[in-house]
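Per-entry structural report
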Amino acid sequence: MIQAILVFNNHGKPRLVRFYQRFPEEIQQQIVRETFHLVLKRDDNICNFLEGGSLIGGSDYKLIYRHYATLYFVFCVDSSESELGILDLIQVFVETLDKCFENVCELDLIFHMDKVHYILQEVVMGGMVLETNMNEIVAQVEAQNRLEKSEGGLSAAPARAVSAVKNINLPEMPRNINIGDLNIKVPNLSQFV
Amino acid sequence: MVVPSLKLQDLIEEIRGAKTQAQEREVIQRECAHIRASFRDGDPLQRHRQLAKLLYVHMLGYPAHFGQMECLKLIASPRFIDKRVGYLGAMLLLDERQDAHLLITNSIKNDLSQGIQAVQGLALCTLSAMGSAEMCRDLATEVERLLLGPSPYVRKKAVLTAVHMIRKVPELSDIFLPVCAKLLHERHHGVLLGTITLITELCERSPAALEHFRKVVPQLVRIFRTLVTTGHTTEHSISGVSDPFLQVQILRLLRILGRNHEESSESMNDLLAQVATNTDTSRNSGSAVLFETVLTIMDIRSAAGLRVLAVNILGRFLLNSDKNIRYVALTSLLRLVQSDHSAVQRHRPTVVECLREPDASLSRRALELSLALVNNSNVRAMIQELQGFLEFCPLDLRADCASGILLAAERFAPTKRWHIDTILRVLTMAGAYVRDDAVANLTQLIGGAQELHAYSVRRLYSALAQDISQQPLVQVAAWCIGEYGDLLLEGSCEETEPLQVEEEEVLALLERVLQSHMSLPATRGYALTALMKLSTRLRGDNNRIRQVVSIYGSCLDVELQQRAVEYNTLFQKYDHMRAAILEKMPLVERGGPQVDEEAKESKEAAPASTDPQASKLLDLLDLLDGTSGDAQQPPPLDPSPEGTLIHLLDLPCAPPALAPIPNLKVFEREGLQLNLSFVRPPGTPALLLITVTATNASEGDVTHFVCQAAVPKSFQLQLQAPSGDTVPAQGGLPMTQLLRILNPNKAPLRLKLRLTYNHFGQSVQEIFEVNNLPVETWQ
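Naming follows an unreviewed UniProt entry, where chain B appears as AP-1 complex subunit gamma of Phyllostomus discolor. Here is the UniProt Sequence similarities (unreviewed entry) comment for chain B, exactly as written: "Belongs to the adaptor complexes large subunit family."

Labelled according to an unreviewed UniProt entry, chain A appears under the name AP-3 complex subunit sigma-2, originating from Phyllostomus discolor. Quoted verbatim from the Sequence similarities (unreviewed entry) field of UniProt, the annotation for chain A is "Belongs to the adaptor complexes small subunit family."

Written as structure tokens, this is what we have:
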């Protein structure tokens, strides 16, 4: 089971914090800080596995992390997960982010934190691996985004159009519009009111 | 006029713009106030935006609990955009410890039954993240219905939600078990993955379920084969391996089903062999599958050949250049070392190589595995390697390494000398990290190895002379020097280099230890007692020792002060007892209460020969119908040193008891005279102390003098070691020996003595009973 997924940058600023086990808020922040310190100490050419810190679980838990440019992606898992499998999972997640954001960078994660959560929800659910097929994940995320957009924009338009027509006071419209030489005869539209 | 609130991006911009923590706090507090106001009476259409901002500041660590009710409102809204943020907020902010969480149960129920696919997905996701036991019970039937619904997307989410529900409420397994068989026929990988997870969870929780699912093993094997052989769906493949996650999950389930079950193990044998030999491990995903296969092979009842293959695969991985692979290989070998010890032994050299890794995770694993691989035949080489590791390993591993080495040495030490050497080396290198009982163990070990006393004390002396900062080492060395100081000064020991040590040097070293600020109070205690013991072992006068002891009589440390005062008294008023009290310690019972330094000696302490005399002593005692003196145990003493001395100190100042008992001359021959003096301490009415004094007025020395005694059965006799075995001629220093006799029944005392010695070139033996014993000695 995956206990937590943390993404922070090289200075320890959290970019994504998701716990699959309930911890009080202060403990959550402490865990992020402690994990950052543990991971920072690691060189680049040693293995990606760390025994877990003291706060999150006990000796049964490991931290599996990957370092991409300015970001650390850390998954805290227990012994029932395959370590190499989780490494692949992190890769899948990052590649999915890449597809969704088009050459993802740290700024994308900063400004679209909620979107990142939604994408993560399609990969890992309840601490278990849900889907690893990138195309499926991306398709689902895009469908949901479309759904969101359609609600906010177009869904409002028809309502406005109807109310606009209701407000037309057709009998009050002038019968003759005289603009200089032109003489437009306006038909009788009263039956449409 | 409502102040337009910031969009999420703008808020983030502002926060990033803040130069200091205080500024950031200010910005956030201001915005939170807006958010709170907006929650109260703001535009419902904008609510989702406010909550999104709140979740952002929550991630940064600021309080966000006031948003909890808003989550509920948003979830209840018909708009997808509201629900999305609302459910996310519920997952991040709500938890089952608050009663508010139950309020979303209804919304979830509605969304599960009527919502569109995406909304159902959201509801299931939230349920699996923070669903409490009550919620799970309420919604179980809904979830079960969705398991068989039309949409694979919803099905896969429902399956994982079911896993969560079973974890929270194990009784729900009954609901979800029947549907698993159907789900196994899924084509959709996501659903299949979830199903395998569900079945695994069910089997782990209930042996009945385990039995039930054994029959799907053939089906699982089929699914696996399809995955591997037909290159099924390339879109699930990762680096050329088709859906490694699903493969790993199936292998794990097979492991659980095949464990301890011949038939199931049989049916998966072929598949495992195939996977083990054919999987391409050039990329990480292939390795992941292969590892899982190896673990499964080792855990089920597989054929012997297959097991060997599996361990060899692990051995090959140990040599891989990828550090991650090496790490996982070490972890797997550690799991196997108990069950397949000899197979893992074959890879010992590679494991030892891994100790030298700079990577802390790898070297930690290598250390654990190395310690598990130590056995009788490789102990010398392994301990050598481990000691090399101890010198340079990272600090957090030192304690584990040191105690691991000590434990292994204890179990497999080929010789006592090697054992002592090993412990010595560990103490020198990592003294600060060893456990507290290492000191006790080492003193016990040295005490028991009589032939190594000289060797030990020399080595410890050299080590101490070099470095007095490692406390356990200092304590052991001080104790040893105190006990065997005479051997240190004596001359050469053939096992170490010749070491010429002067008495003054030894005393100076111990004084240095006493005065050093690095020494712990316990260490000082050891040093002080050692100095005291040396007062009887060394031949010089004891002025220096007396000085030190009297200085410490006013030491601030209470323990030290007490000891010093007692030792002082020992020098002054009870000097005649000093030799007896400070004799060599008997071997301490392992794990028993620590016997104090003042415990009385057993009869064997006399370095002169005692064994051949045992039989003759029996003859002696037969006459008296007494038990063999050798076999008697010393009466149990008050264990604390303070206690014994307090008894002594309770005595009145004049050493003899209330009425002095007259001395008795018991033997006289050719100038050699034997006198007995008696003491009855008033505190212990049953106790009689006899001091045998041998004086020599003749021209020739008396050498090899041995005095033995026997008493009737109801008495308990204890002989102290004599002060020497030579009585010099012409009134030289008399030899004394202390006898302790316990007479609880107040029976009449009878005493028989046996003397053997050389005088004037002749060996003499005398046996006689002591007559005219004063009545006061036993009444």
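1. What about the overall build of chain A?
Along its length, chain A carries six helices and nine strands. For chain A, buried positions account for 50% of its 193 residues. Within chain A, contacts between residues at least 6 apart in sequence are counted, and of these 46% link residues at least 24 apart. By element, 55% of the accessible surface of chain A is carried by carbon and sulfur atoms, the whole surface being about 9,400 Å².

2. Digging into unusual backbone geometry
Residues and elements named next belong to chain B. Backbone geometry places H704, a non-glycine residue, at a positive phi of 50°. Examined against the element boundaries, H704 turns out to sit in strand β6 (residues 702-710). For H704, a relative accessible area of 51% corresponds to the exposed category.

3. A closer look at the interface of chain B and chain A
Tallying the contact residues gives 66 residues for chain B and 57 residues for chain A. In total, about 5,600 Å² of surface goes out of reach between chain B and chain A, with carbon and sulfur atoms giving 56% of it. Considering only the surface of chain B that becomes buried against chain A, B:M59, B:R84 and B:F245 emerge as the three largest contributors, covering 14% of it. Viewed at the interface, chain A and chain B are joined by six salt bridges. Here B:R84 makes a salt bridge to A:E148, at a shortest N to O gap of 2.7 Å. Our enumeration of links across chain B and chain A arrives at 20 residue pairs in polar contact (both at pLDDT 80 or more). Residue composition of the side of chain B that touches chain A, grouped by class: 32 nonpolar, 16 polar and 18 charged.

4. Focus on helix α10 (residues 173-183) of chain B
Burial in α10(B) covers these residues: B:S173, B:F176, B:L177, B:V179, B:C180 and B:L183. Looking at the buried side of α10(B), the elements it contacts are α8 (133-147), α9 (152-168), α11 (189-205) and α12 (207-213) of chain B.

5. Re the packing of aromatic side chains
By the definition in use, this model includes 10 aromatic pairs over all chains. Seen in terms of ring centroids, A:F49 and B:Y327 are 4.9 Å apart; in terms of plane orientation they differ by 35°. Their pairing is tilted. Linking A:F49 in strand β3 (residues 49-51) with B:Y327 in helix α18 (residues 323-336), this pair reaches from one chain into another. Neither residue differs from the other here; A:F49 and B:Y327 are each classed as buried. Stacked on the ring of B:F66, the Lys or Arg B:R36 has its end atom at 4.6 Å from the ring centre. Geometry around B:Y455 places B:R417 over its ring, the cationic atom sitting 4.4 Å from the centre.

6. Some remarks on the packing of helix α21 (residues 360-373) of chain B against helix α22 (residues 379-392) of chain B
Residue and element names in this part refer to chain B. Relative orientation of the contacting elements α21 and α22 amounts to 155°, with a least axis distance of 11 Å. Looking at the two axes, α21 sits roughly antiparallel to α22. Here α21 runs over α22; the crossing is left-handed. Between α21 and α22, the contacting residues are S363, L367, S370, L371 and L373 on the first element and M382, L386 and F389 on the second. Partitioned by chemical class, the residues of the contact of α21 with α22 number six nonpolar, two polar and no charged.

7. Some points on a negative patch on the surface
All names here are of chain A. A cluster of acidic residues, E95, D98, E102 and E142, forms a negative patch on the protein surface. Considering the arrangement of structural elements, one finds D98 in helix α2 (residues 83-101). For D98, a relative accessible area of 32% translates into the label partly exposed.

8. Considering helix α28 (residues 503-515) of chain B
Given a rise of 1.5 Å per residue, 13 residues ought to cover 18 Å, and the 19 Å separating the end C-alpha atoms of α28(B) matches this to within 8%. The inward-facing, buried residues of α28(B) contact α26 (453-466), α27 (471-490), α29 (521-537) and α30 (543-551) of chain B.

9. Quick notes on the pairing of strand β9 (residues 751-759) of chain B
Residues and elements named next belong to chain B. Of all nine residues making up β9, eight are buried, and the element is well covered by its neighbours. Examined bridge by bridge, β6 and β9 share seven bridges and lie antiparallel to one another. Bridge pairing in β9 links A710 to K752. As paired strands, β9 and strand β10 (residues 762-770) are joined by nine bridges and run antiparallel to one another. Paired with N758 across the bridge in β10 is S763.

Parameters and conventions
- Residues numbered from 1 in each chain as written.
- Chains lettered and ligands numbered in written order.
- Predicted model: local features only at pLDDT ≥ 70, side-chain atom pairs only at ≥ 80, totals over all residues.
- Heavy atoms only, no water.
- UniProt positions renumbered as here; feature names shortened; annotations may be inferred.
- Helix = DSSP H or I, 4+ residues; strand = E, 2+ residues; numbered from the N terminus.
- Buried < 20%, exposed > 50% of the residue type's maximum accessible area, 1.4 Å probe, protein only.
- Contact = heavy atoms within 4.5 Å.
- Areas by Shrake-Rupley, 256 points an atom, 1.4 Å probe, with all protein chains shown as cover.
- Buried area = accessible area lost by both parts, 1.4 Å probe.
- Salt bridge = Lys/Arg side-chain N within 4 Å of Asp/Glu carboxyl O.
- Polar contact = N/O pair within 3.5 Å; in protein donor to acceptor, adjacent residues only side chain to side chain.
- Nonpolar A, V, L, I, M, F, W, Y, C, P; charged D, E, K, R; others polar.
- Phe/Tyr/Trp six-rings, centres within 6.5 Å; stacked < 30°, edge-to-face > 60°.
- Lys NZ or Arg CZ within 6 Å of the ring centre and 35° of its normal.
- Axes fitted to C-alpha atoms, helices over the stretch in contact; angles between N-to-C directions.
- Parallel < 35°, antiparallel > 145°, perpendicular 65-115°, else oblique.
- Left-handed = near helix turned anticlockwise from the far one by under 90°.
- Patch = residues over 30% accessible without salt bridge, like charges linked within 9 Å, V, L, I, M, F, W, Y side chains within 5 Å.
- Lys, Arg positive; Asp, Glu negative; His and termini not counted.
- Charge placed at Lys NZ, Arg CZ, Asp CG, Glu CD.
- Expected span 1.5 Å × (residues − 1).
- Pairing = 2+ DSSP bridges.

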